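Chain by chain, the residues run as shown.
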Amino acid sequence: MAGRNDPQGGNRDIREDFRAEIREFLGTRRARVTPEQAGLPVYGGERRRVTGLRREEVALLAGISSEYYTRLERGNATGVSENVIEGIAQALQLDEAERIHLNDLLRGAGTTRPPRRRPAQQRVRPAVQRVLDSMAGTPAFILSGRGDILAANHLGRALFSPVYADPVRPPNNARFLNPHATEFFRDWNQVANDAVAMLRPEAGRDLYDRRLTDLIGELSTRSEEFRRRWAAHNVRIHTTGVKLLHHPVVGDLDLPFESFPVGGDPSQVLLTYTAEPPSPSQDALNLLAWAATNDDNERSTPADSSATAD
């Protein structure tokens with residue numbers, strides 16, 4: 001993402017960053033597919049300099065000329081048809097998230113419009129916050145595309161108290177610099193992979209989102225784990241699954257989650273966690289709700305007014 005930290009943008013072609021992303025993305029996708037996986041013959045005496053597919057092999061599988069595919073992989077995305085994109089997606093065995101990401105990159109490389117700028121701070125509508133607060137027995141959050149926790153209900157804040165311990169605001173799921181992260185997320189390696197893979201499509205939609213590029217720059221500078229995962233160019237749409245947590249108060253929880261787009265703001269999602277009833281995780285979640293409620297009651301109880309000064 002070199003060059004996108006220029007605050008003025010300069011006179012540089014805004015399409016160059018998209019072209020660089022196309023080169024790296026298609027190159028990494030091509031490297032992971034072997035000729036055997038693609039159904040191509042491999043002869044015993046053949047010496048290959050790459051473990052994955054060659055450009056001419058991708059072109060053959062996609063039904064286009066080798067010269068055309070080479071230009072495309074180099075970022076020349078002018079006038080690419082849907083049929084060509086579909087042929088390349090099939091040749092490289094792209095999943096849905098990767099196809100969407102490729103389309104976003106190609107669209108960005110072909111545009112001549114100035115870069116879009118999002119508002120400096122995203123806000124959650126009061127009606128959406130009321131929906132969160134009404135979900136008393138379910139931890140619920142509103143997340144931005146870059147993983148910021150924009151809002152949460154009472155149980156959500158209690159569940160993610162280790163994440164909220166990070167003084168940086170808003171809390172962010174993609175920031176695994178928090179020393180509590182490996183303790184809180186029992187499947188930290190998978191969480192880290194997913195967090196980076198979900199940032200990739202967000203960057204593909206808007207490489208000029210200043211808050212996103214600042215986050216990526218911060219993590220790239222401070223975290224070798226992030227740099228390694230970011231260089232892999234993996235992409236994922238993460239809408240359902242099970243999160244394995246270790247809460248400092250109630251212990252282990254296995255919580256299925258679902259995420260839903262927020263109407264009126266496509267850059268925000270509603271994330272909810274539930275527990276299978278009956279289960280130890282449900283018991284732990286109930287205990288956490290009780291503990292959080294009692295803690296709030298203690299904090300809100302006025303001091304004993306009968307005490308007198310000496």
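These figures come from a predicted structure and were not determined experimentally. (Residues numbered from 1 in each chain as written. Predicted model: local features only at pLDDT ≥ 70, side-chain atom pairs only at ≥ 80, totals over all residues. Heavy atoms only, no water.)

Novice: A description of the nonpolar core should follow, citing residues and the corresponding values.
Specialist: By size, the foremost hydrophobic cluster in this structure holds 42 residues, and its most contacted members are Leu26, Tyr69 and Ile88. Of all the secondary structure elements, the ones that give two or more residues to this core are helix 1 (16-32), helix 3 (55-62), helix 4 (66-73), helix 5 (82-91), helix 6 (96-109), helix 11 (188-205), helix 12 (210-222) and helix 13 (224-231). By size, the runner-up hydrophobic cluster in this structure holds 28 residues, among which are Ile149, Ala152, Leu159 and Trp188. (Core = buried A, V, L, I, M, F, W, Y, C linked by side-chain atoms within 4.5 Å. Buried < 20%, exposed > 50% of the residue type's maximum accessible area, 1.4 Å probe, protein only. Helix = DSSP H or I, 4+ residues; strand = E, 2+ residues; numbered from the N terminus.)

Novice: Go over the pattern of salt bridges, please, and point to the residues and values.
Specialist: Counted by the stated rule, this structure contains 19 salt bridges. What you see here is one network of salt bridges that share partners, running through Arg29, Arg32 and Glu98. (Salt bridge = Lys/Arg side-chain N within 4 Å of Asp/Glu carboxyl O.)

Novice: Hey, could you go over the environment of proline 139 for me, with residue numbers and the actual values?
Specialist: Relative to the elements of secondary structure, proline 139 occurs in the loop between helix 7 (126-134) and strand 1 (140-144). Spatially, the C-alpha atom of proline 139 lies 4.0 Å from that of glycine 156, the residues being 17 residues apart in sequence. Sequence-distant contacts of proline 139, defined by excluding residues within four places in its chain, comprise Asn153, Leu155, Gly156, Leu159, Leu271, Thr272, Tyr273 and Leu285. (Contact = heavy atoms within 4.5 Å.)

Novice: So what's going on with the packing of helix 11 against helix 13? Which residues, and what values?
Specialist: Any two packed helices are characterised by the angle at which their axes cross and by the distance between the axes. At a minimum axis distance of 10 Å, the contact between helix 11 and helix 13 shows a crossing angle of 55°. In this view, helix 11 runs oblique relative to helix 13, as classed from their interaxial angle. The element helix 11 and its partner helix 13 pack so that their crossing is right-handed. Residue-level inspection shows Trp188, Asn189, Ala192, Asn193, Val196, Leu199, Arg200 and Ala203 of helix 11 in contact with helix 13, the latter providing Glu225, Phe226, Arg229 and Trp230. Taken together, the residues of the contact of helix 11 with helix 13 sort by class into seven nonpolar, two polar and three charged. (Axes fitted to C-alpha atoms, helices over the stretch in contact; angles between N-to-C directions. Parallel < 35°, antiparallel > 145°, perpendicular 65-115°, else oblique. Left-handed = near helix turned anticlockwise from the far one by under 90°. Nonpolar A, V, L, I, M, F, W, Y, C, P; charged D, E, K, R; others polar.)

Novice: Go over unusual backbone geometry with me, naming the residues and quoting the values.
Specialist: The step from arginine 169 to proline 170 runs through a cis peptide bond, and the omega angle for that step is -5°. With respect to the helices and strands, the residue proline 170 is situated in the loop between helix 9 (161-164) and helix 10 (181-184). With omega at -20°, the peptide bond leading from proline 277 into proline 278 counts as cis. Within the secondary structure, proline 278 is located in the loop between strand 5 (265-273) and helix 14 (280-300). Although it is not a glycine, glutamine 93 adopts a positive phi angle of roughly 55°.

Novice: Give me the lowdown on helix 12, citing residues and values where you can.
Specialist: Taking 1.5 Å per residue, 13 residues should reach 18 Å; helix 12 reaches 18 Å between its end C-alpha atoms and fits that length. Residues of helix 12 that are buried include every one of Leu212, Thr213, Leu215, Ile216 and Leu219, and no others. In an axial view of helix 12, the angular spread of the buried residues amounts to 160°, which keeps them on one side of the axis. Among the exposed residues of helix 12, those pointing more than 90 degrees away from its buried face are Thr221 and Arg222. The secondary structure elements touched by the buried residues of helix 12 are helix 11 and helix 13. Residue aspartate 209 occupies the N-cap position of helix 12, its side-chain oxygen lying 3.1 Å from the main-chain nitrogen of arginine 211. (Expected span 1.5 Å × (residues − 1). Arc of directions from axis to C-beta. Polar contact = N/O pair within 3.5 Å; in protein donor to acceptor, adjacent residues only side chain to side chain.)

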